[in-house]
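Residue-level listing of the chains:
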Amino acid sequence: MRVRDGRWPGWGADAGLVVLTFVPALLSQPYVDTSGPAWVSLMAYEAVGVVVLLLRRRLPATAFVVGFGALLAALVGSAGQGAKLSPLVFLPPAVLLYNLGHHGASRRRTVPAVFCAGVLSAAGLWLNRMTTDSGDFRGGLDVLAALAPMPLAWAMGFAARTRQELLAAAERRAADARRAQALESAQATQRERTRIAGEMHDVVAHSLTLLVVHAETLRARGGELPDWARAQVDGLAAAGRQSSGELRDLLRMLRDPVDAVPLQPVPGLGELDALLAGHRAADGTVELTMDVAPRSVPGAVQLAVYRVVQEALVNARRHAPGAPVRVTVRDTDDGELRCEIVNDRGMRRAAAGAGIGLGLVHMEERMSALGGELTVGPTGDGGFRVAATMPWERADA
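Bear in mind the structure is a predicted one, so any value in this text is a computation, not a measurement.

Procedures and definitions
Residues numbered from 1 in each chain as written. Predicted model: local features only at pLDDT ≥ 70, side-chain atom pairs only at ≥ 80, totals over all residues. Heavy atoms only, no water. UniProt positions renumbered as here; feature names shortened; annotations may be inferred. Helix = DSSP H or I, 4+ residues; strand = E, 2+ residues; numbered from the N terminus. Pairing = 2+ DSSP bridges. Axes fitted to C-alpha atoms, helices over the stretch in contact; angles between N-to-C directions. Contact = heavy atoms within 4.5 Å. Patch = residues over 30% accessible without salt bridge, like charges linked within 9 Å, V, L, I, M, F, W, Y side chains within 5 Å. Areas by Shrake-Rupley, 256 points an atom, 1.4 Å probe, with all protein chains shown as cover. Salt bridge = Lys/Arg side-chain N within 4 Å of Asp/Glu carboxyl O. Parallel < 35°, antiparallel > 145°, perpendicular 65-115°, else oblique. Left-handed = near helix turned anticlockwise from the far one by under 90°. Nonpolar A, V, L, I, M, F, W, Y, C, P; charged D, E, K, R; others polar. Expected span 1.5 Å × (residues − 1). Buried < 20%, exposed > 50% of the residue type's maximum accessible area, 1.4 Å probe, protein only. Arc of directions from axis to C-beta. Core = buried A, V, L, I, M, F, W, Y, C linked by side-chain atoms within 4.5 Å.

How would you sum up the UniProt feature "transmembrane region" (unreviewed entry) in the chain? Please name residues and give values.
Per the UniProt record, "transmembrane region" (unreviewed entry) is annotated on residues 12-32, 38-55 and 62-79. The span residues 38-55 is 94% helix and 0% strand, and its two end C-alpha atoms sit 26 Å from each other.

Next comes the structure, spelled out in structure tokens:
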């Protein structure tokens, strides 16, 4: 027999209750009366009692009335034949009365059940008087003493039901409080996201828009610029327009994450060539080696690779200006995609205080979200290496 959640199974509880309720009467009957009529009445009564006890949860009022009626029939029948039953035969009605208080659905069923029990008691006493001549077998104070504690059984069952209802109400209130707290937290989070989106729009978007406007102005006067400056301005304008689009998507996602749909395609492996072209336009040198088909790589993995390469190129321009960069994207034998970006020693001095120090943190967070691994560190010749490894499954498998 298994105990789950601290409770016995239903059939185990019923079996134990049957044993504790009916076996004591069988054990004590030999000390009261061993005649045949006594045993026949007791066995018939307990057979009916077992059935109604098993049905007590479904039909609490009916089970009590039938069980009490069976008890009165056994007592009156055995008394009419000059036999006595053990006083422990009153245990089953006490259990049924407790069950009536615990599982009774309403007063409309409980009150009629108690009234029927009272009618049956009066009828039983009248039949007992009519069928028995001897005063030893007539119901008297002994029967009254056995019935007197019965209301206490009902009161205990009613108290248990009330306690369960109070606990259930408390659990519902706690669940409602948790839901209200979660809703309030979500609303506070959304308000904070909206505030951040507003700050980013006011600060970053404004500055980025000015940058694009100045770049387009310089492009319009490209005939007055040298060739190297025109290439730089073209790259600046293209990068500004791309950043403006991605910033708009980010701000819309911050304001409403549910309804935010990207206004432009999410970058992936197919956009690496354009990303590297922008790096070359900024007077950088970069080589790409890729042995996987972009269509076979899931979109989330493609975006992660793109962002890692993008951040690594930005770091190379900041900290190692003019250094050659090698980008490798390949499929490993153990079902992982590996992206490696290595730059040599910088050809010029890096700008003081370049960057804000969050690029590597963001790359680590992306790899952690995909179950991957990020390894960064200097190389032996003064360069820097970024290696990202992430599991993936072929989309065309």
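Report on the sheet that holds strand β3 (residues 336-343), specifying residues and quantitative values.
The 5 strands are arranged β1-β2-β3-β5-β4 in an open sheet whose pairing can be described as mixed. At either margin of the open sheet sits one strand with a lone partner, and together these are β1 (285-290) and β4 (373-378). Mean inter-strand twist for the sheet, computed between neighbouring axes without regard to direction, equals 10°. Here β4 runs beside strand β5 (residues 384-391); their pairing, made up of 6 bridges, is antiparallel. Across the sheet, the residue bridging to Val 376 is Val 386, located in β5. With respect to the sheet, helix α9 (residues 272-281) is in contact with β1 and β2 (324-331), its orientation differing from that of β1 by roughly 165°. In this fold helix α11 (residues 359-369) packs onto β4 and β5, with an angle of close to 150° to the strand it touches most, β4.

Now, about a nonpolar patch on the surface: what can you tell me, with residues and values included?
A cluster of nonpolar side chains, contributed by Val 19, Val 23 and Leu 27, occupies part of the molecular surface with about 250 Å² of accessible area. Structurally, Leu 27 is set in helix α1 (residues 10-28).

A description of the packing of helix α2 (residues 36-54) against helix α4 (residues 91-103) should follow, citing residues and the corresponding values.
Close contact between α2 and α4 brings their axes to 11 Å; oriented N to C, the two are set at 15°. Considered as vectors, α2 and α4 are oriented roughly parallel to each other. The handedness of the crossing between α2 and α4 is left-handed. Contacts between α2 and α4 involve Tyr 45, Val 52 and Leu 53 from the former and Pro 92, Pro 93, Val 95 and Leu 96 from the latter. Its residues assigned to classes, the contact of α2 with α4 comprises 7 nonpolar, no polar and no charged.

Explain α2 residue by residue, including any values.
For α2, with 19 residues, the first-to-last C-alpha span of 27 Å sits near the 27 Å given by 1.5 Å per residue. Among the residues making up α2, those that are buried are Ala 38, Ser 41, Leu 42, Tyr 45, Glu 46, Gly 49, Val 52 and Leu 53. Axial view of α2: buried residues confined to an arc of 130°, hence all on one face.

Provide a residue-level description of the packing of helix α10 (residues 299-319) against α11, including the pertinent values.
Running from N to C, α10 and α11 cross one another at 165°; their axes reach a closest spacing of 10 Å. By the criterion of interaxial angle, the relationship of α10 to α11 is roughly antiparallel. Taken as a pair, α10 and α11 cross one another with a handedness that is left-handed. Along the contact surface, α10 presents Leu 303, Ala 304, Arg 307, Val 308, Glu 311 and Asn 315, while α11 presents Gly 359, Leu 360, Met 363, Arg 366 and Met 367. Of the residues belonging to the contact of α10 with α11, the class tally is 6 nonpolar, 2 polar and 3 charged.

Quick rundown of the nonpolar core? Include the residues and the values.
Val 305, Val 309, Val 327, Val 329, Leu 337, Ile 341 and Met 390 are the most contacted members of the largest nonpolar core, which has 29 residues in total. For Leu 337, the contacting residues outside a window of four places in its chain are Val 292, Val 297, Val 301, Val 305, Val 329, Arg 330, Asp 331, Ala 388, Thr 389, Met 390 and Trp 392. By size, the runner-up hydrophobic cluster in this structure holds 28 residues, among which are Val 18, Tyr 45, Ala 83 and Val 95.

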